[in-house]
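One letter stands for each residue in the lines below.
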Amino acid sequence: MNKTNATALAFAAGFAGLSPAPAQAGDPNLARNLSATCANCHGTNGRSLGGMESLAGVDKNKLLDKLKAFRSDAKPATIMHQISKGYSEEQLDLIAGWFAAQK
Amino acid sequence: MRQFDRREFLRAAGGAGAMAALYGCGVAGSKASGHVVVVGGGYGGATAAKYLRMWSQGSVEVTLIERNPRFVSCPISNLVIAGEKTLAEITVGYEGLQKYGVKLVHGDVVAVDADRRSLKLASGDTLSWDRLVLAPGIDFMYYSLPGLDNAAAQETILHAWKAGAQTLALRKQLQAMPDGGIYALCVPKAPYRCPPGPYERASLVAWYFKQNKPRSKVLILDANEDIVSKRGLFMKAWADAYAGIIEYRAQSELRDVDVANRTAILEFDKVKADVLNVVPPQRAGSIALQAGLIDVNQRWCSVDWLSMESTAARGIHVLGDACFPAPAMPKSGHMANQHAKLAAAAILNLLAGQRPSDQPMVVNTCYSFVDNRNVIHVASVHAYDAQARTLQPVKGAGGLSSAPNEMEGKFALAWARNIWADMLG
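One numbering rule holds for all chains: residues counted from 1, following each sequence as written. Working convention: letters from A go to chains and numbers from 1 go to ligands, in the order in which they are written. Given that the model is predicted, a residue must reach a pLDDT of at least 70 before its local features are reported, and side-chain atom pairs must reach 80 or more before they are shown or counted; all residues, however, enter totals for whole chains, interfaces and linings. Values reported for side chains reflect all heavy atoms of the structure, with hydrogen atoms and water molecules removed beforehand.

Named according to an unreviewed UniProt entry, chain B is FAD-dependent oxidoreductase originating from Candidatus Methylophosphatis roskildensis.

The name given to chain A in an unreviewed UniProt entry is Cytochrome C, with Candidatus Methylophosphatis roskildensis as the source organism.

Think of it this way: any DSSP run of H or I at least four residues long counts as a helix, any run of E at least two long counts as a strand, and we number them from the N terminus. The helix and strand tally for chain A stands at six helices and zero strands. Mapped from its N terminus to its C terminus, chain A presents α and β elements in the order α-α-α-α-α-α. In this analysis, two residues are considered to be in contact whenever any of their non-hydrogen atoms come within 4.5 Å of each other. Considering only intrachain contacts with a sequence separation of at least 6, the fraction spanning at least 24 residues in chain A is 53%. Surface exposure here means Shrake-Rupley accessible area, sampled with a 1.4 Å probe, where a residue is shielded only by the protein chains that are shown. Of the roughly 4,900 Å² of accessible surface on chain A, a fraction of 58% belongs to carbon and sulfur atoms.

Turning our eyes to something else, we now look at unusual backbone geometry. All names here are of chain B. Backbone torsion omega between Ala-190 and Pro-191 reads 5 degrees, so that peptide bond is classified as cis. Backbone geometry at Gln-57 places phi at a positive 50 degrees, although glycine is not the residue there. Within the fold, Gln-57 resides in the loop between α3 (43-55) and β2 (60-66). Per-residue accessibility, obtained with a 1.4 Å probe over protein chains only, is compared with the maximum for each type, and a residue is labelled buried under 20%, exposed over 50%, and partly exposed between these values. Since its relative accessible area comes to 34%, Gln-57 is described here as partly exposed. If you check the backbone angles, Asn-297 has positive phi at about 55 degrees while not being a glycine. Within the element layout of this structure, Asn-297 appears in the loop between α9 (286-290) and β19 (303-304). What makes Asn-297 exposed here is its relative accessible area of 60%.

Close inspection of predicted coordinates is inappropriate in any region flagged by low pLDDT. Per-residue confidence from the predictor is given as pLDDT, running between 0 and 100. Here chain B averages 94 in pLDDT, while 93% of its residues score no lower than 70. Long-range and interchain partners of residues 1-29 of chain B, a stretch whose pLDDT sits below 50, account for 54 contacts in this model, where long-range means more than four residues apart.

Take the pattern of salt bridges next. Residues and elements named next belong to chain B. A side-chain nitrogen of Lys or Arg and a carboxyl oxygen of Asp or Glu constitute a salt bridge if their distance falls within 4 Å. Overall, the coordinates contain 18 salt bridges over all chains when judged by the stated rule. The partner of Arg-131 in a salt bridge is Glu-309, with the nearest N and O atoms 3.2 Å apart. Residue Arg-131 is located in strand β9 (residues 131-134), and its partner Glu-309 is located in strand β20 (residues 309-310); the two are separated by 178 residues in the primary sequence. The exposure class of Arg-131 is buried, given its relative accessible area of 14%. The salt bridge partner of Lys-236 is Asp-240, with a shortest N-O separation of 2.7 Å. In this pair, Lys-236 and Asp-240 are both assigned in helix α8 (residues 231-241), four residues apart and thus about one turn of the helix distant.

With 47 residues of chain A in contact, the opposing surface of chain B contributes 54 residues. Connecting chain A to chain B are zero salt bridges. We call two N or O atoms a polar contact when they sit within 3.5 Å, provided that within protein one can donate a hydrogen and the other can accept it, with sequence-adjacent residues counted only if both atoms are side-chain atoms. Remark: the boundary between chain A and chain B carries 16 residue pairs in polar contact (both at pLDDT 80 or more). Elements supplying a minimum of two residues to the side of chain A that touches chain B: α1 (3-16), α2 (30-36), α3 (39-42), α5 (80-84) and α6 (89-100) of chain A. A per-element tally of the side of chain A that touches chain B places α1 of chain A first, with eight residues. By the convention adopted, Pro, Cys, Tyr, Trp, Phe, Met, Ile, Leu, Val and Ala count as nonpolar, Lys, Arg, Asp and Glu as charged, and the other residues, Gly among them, as polar. A class-by-class count of the residues in the side of chain A that touches chain B yields 23 nonpolar, 19 polar and five charged.

Our focus in this paragraph is the environment of Met-335 of chain B. Residue and element names in this part refer to chain B. Looking at where Met-335 falls in the secondary structure, it is placed in helix α10 (residues 333-351). The buried category is assigned to Met-335, whose relative accessible area is 1%. Taking the C-alpha atoms as reference points, Met-335 and Gly-320, separated by 15 residues in sequence, lie 6.7 Å from one another. Residues within four places of Met-335 in sequence aside, it is in contact with Met-329, Pro-330, Val-362, Val-363, Asn-364 and His-382.

Residues and elements named next belong to chain B. Burial analysis of β2 places seven of its seven residues in the buried class, the great majority of the element. The alternating pattern of β2 places Val-60, Val-62, Leu-64 and Glu-66 on one face and Glu-61, Thr-63 and Ile-65 on the opposite face, and all of these are buried. Where strand β1 (residues 34-39) meets β2, six bridges bridge the pair, whose relative direction is parallel. Pairing of Gly-34 across the sheet is with Val-60, part of β2. When the strands point away from the viewer, a crossover counts as right-handed if the path from the first strand over the helix to the second runs clockwise. The handedness of the β1 to β2 crossover, carried by α3, is right-handed. Should DSSP find at least two bridges between two strands, the strands are taken to pair. Alignment of β2 against strand β5 (residues 103-106), held across four bridges, turns out to be parallel. Within the sheet, the bridge partner assigned to Ile-65 lies in β5 and is Val-105.

Glancing now at the packing of α10 of chain B against helix α11 (residues 406-424) of chain B. All names here are of chain B. Working convention: axes come from line fits to C-alpha atoms, limited for helices to the stretch in contact. Angles between N-to-C directions cover 0 to 180 degrees. Between α10 and α11, whose axes approach to 11 Å, the crossing angle comes to 30 degrees. Judged by the inter-axis angle, α10 sits roughly parallel to α11. The chirality of how α10 crosses α11 is left-handed. Here α10 contributes Gly-333, His-334, Asn-337 and Lys-341 to the contact with α11, which in turn contributes Trp-415, Ile-419, Asp-422 and Met-423. Looking at the contact of α10 with α11 residue by residue, the class counts come to three nonpolar, three polar and two charged. The scheme is simple: roughly parallel for angles under 35 degrees, roughly antiparallel for over 145, roughly perpendicular for 65 to 115, oblique for anything else. Helix crossings fall into two classes, left-handed where the near helix is turned counterclockwise from the far one by less than a right angle and right-handed where it is turned clockwise.

Residues and elements named next belong to chain B. Across the sheet, which stays open at both edges, the three strands sit in the order β14-β15-β16 with antiparallel pairing between neighbours. Where the open sheet ends on each side, the last strands, each with one partner, are β14 (254-258) and β16 (270-272). In this sheet, adjacent strand axes meet at a mean angle of 20 degrees when their direction is disregarded. Bridge count for β14 against strand β15 (residues 263-266) is four bridges, and the pairing is antiparallel. Across the sheet, residue Leu-254 finds its bridge partner in β15, namely Leu-266.

Moving on, we come to the nonpolar core. Residue and element names in this part refer to chain B. Here, the term nonpolar core denotes a set of buried Ala, Val, Leu, Ile, Met, Phe, Trp, Tyr and Cys residues that are joined through side-chain atoms within 4.5 Å. Core analysis: the biggest nonpolar cluster contains 163 residues, and Leu-119, Val-218 and Trp-420 have the highest contact counts within it. Considering every element that reaches this core, the biggest residue donor is α10, with ten residues. Where each domain begins and ends is defined by an automated method or by a domain database. The residues that make up this core include at least three from each of domain 1 (6-139 + 283-356) and domain 2 (145-280). Ignoring sequence-local partners within four residues, the contact set of Val-218 consists of Tyr-183, Ala-202, Val-205, Ala-206, Phe-209, Ile-245, Ile-246 and Glu-247.

This brings us to the sheet that holds strand β13 (residues 246-249) of chain B. All names here are of chain B. On the basis of which strands lie adjacent, the open sheet formed by four strands has the order β13-β12-β11-β17 and parallel pairing. Looking at strand neighbours, the two that pair on one side only are β13 and β17 (275-278), the edges of this open sheet. Adjacent strand axes in the sheet meet at a mean angle of 15 degrees when their direction is disregarded. In the sheet, strand β12 (residues 217-222) pairs with β13 via four bridges, with the strands oriented parallel. Bridge pairing in β13 links Val-218 to Ile-246. Sitting on the sheet, helix α6 (residues 165-176) touches β11 (182-187) and β17, and the angle it makes with β17 is about 155 degrees.

Structure (structure tokens):
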């Protein structure tokens, strides 16, 4: 099957029966979902087993400052300067807030 | 198979108190309910099973079906081939998923019926679902290499591209090879599982030869136009450390194998090796084909990137290497783990009658060893593009190591430890 058509059809079929309520309007899970992209290296819910920094329970401002410093190349890194640039400041704020709340 | 009930789930999870402790705080209450079956317990499937339970606070029932008794990691397995790690060090059991209340079934799925929302196991048991997650990994297209299209040949000319018995068998072939021998590695055309993996393997085998069999050679026969991943970094590492050991030949697609003579048959050439290691062309795992989900080039499963739901069958989500990738998205364990979280969040929304988030993101990090200590990475961040209806690499983000370094060697092993726990711990 033509892939473009298949995709378009699937989209039309997929959302036709669903409630119009969008997840993005104050999506309660956005911070959780964004933070989960960090867990591969930093541990589930930010609890690292070692060798990478644990993020769980870290003060929000401290973590946010660090992420912004990586993002602006002010703080040298092997990889975090490259990854942090993939997120907006608003997204980094959500991530820092979410990890800070993991006690 | 009988349907297990809710009390059984709570017992399996050690009661509600234990569950609450696992889920942590700051999680919005979930309205999702239903039964999700996950087929395949690798980087994608195991992560999906765990996160579905964790994020639903136990309100969604999850059954994980996996054929192998334990998980053996492909990432880090090239260190086993080089003699730097043992197979036990890259093996993790599934028991850690019990504390999340994941119901584990060891078995082989033989048939998926998308319309009836049920599947059949080789044991004859059947299982029904509200949502199915298929994380079947890859299978090899041996039919494109007639000489290798039988079980006996595949035990002689190894792939070692699924970690486990083949990993150890390749290690043994390299150990038995006399000094002065040739190890030839055939790389298939992209896309294939783990883009930098062949070049890491070539580096680590060269490192092993340099220490133990210094007159031996590594010959890379690459079907691609050029080195597929981390090109400049690998070329520099080879020039610096393995000059006279590694020889790289581009545009050298394998056409067939003369198994008895360990000879790679190319279009215009034949290459005899002492150890011939063929990474065959790949497609989505066979169960995806049986389920009718392969809809791109007769090889891959196209998905809706908001939910990882198949574009060929509603209610079935496909993860990991089996997917037809979004732009610049590699087939990696790390990416499969990210697919799993995207899918878990979307499935819980769908089971609660809500749309999936319209702004999913995924990250990839691949570390490659160029010797026993020094490592290089490639990283990328991908965000949903509503107009293009796909995940696109975020401009200005991601990148490569500047040079091989020991610090990232430590990070690579810490990455493995943490991602294995993120899946299975």
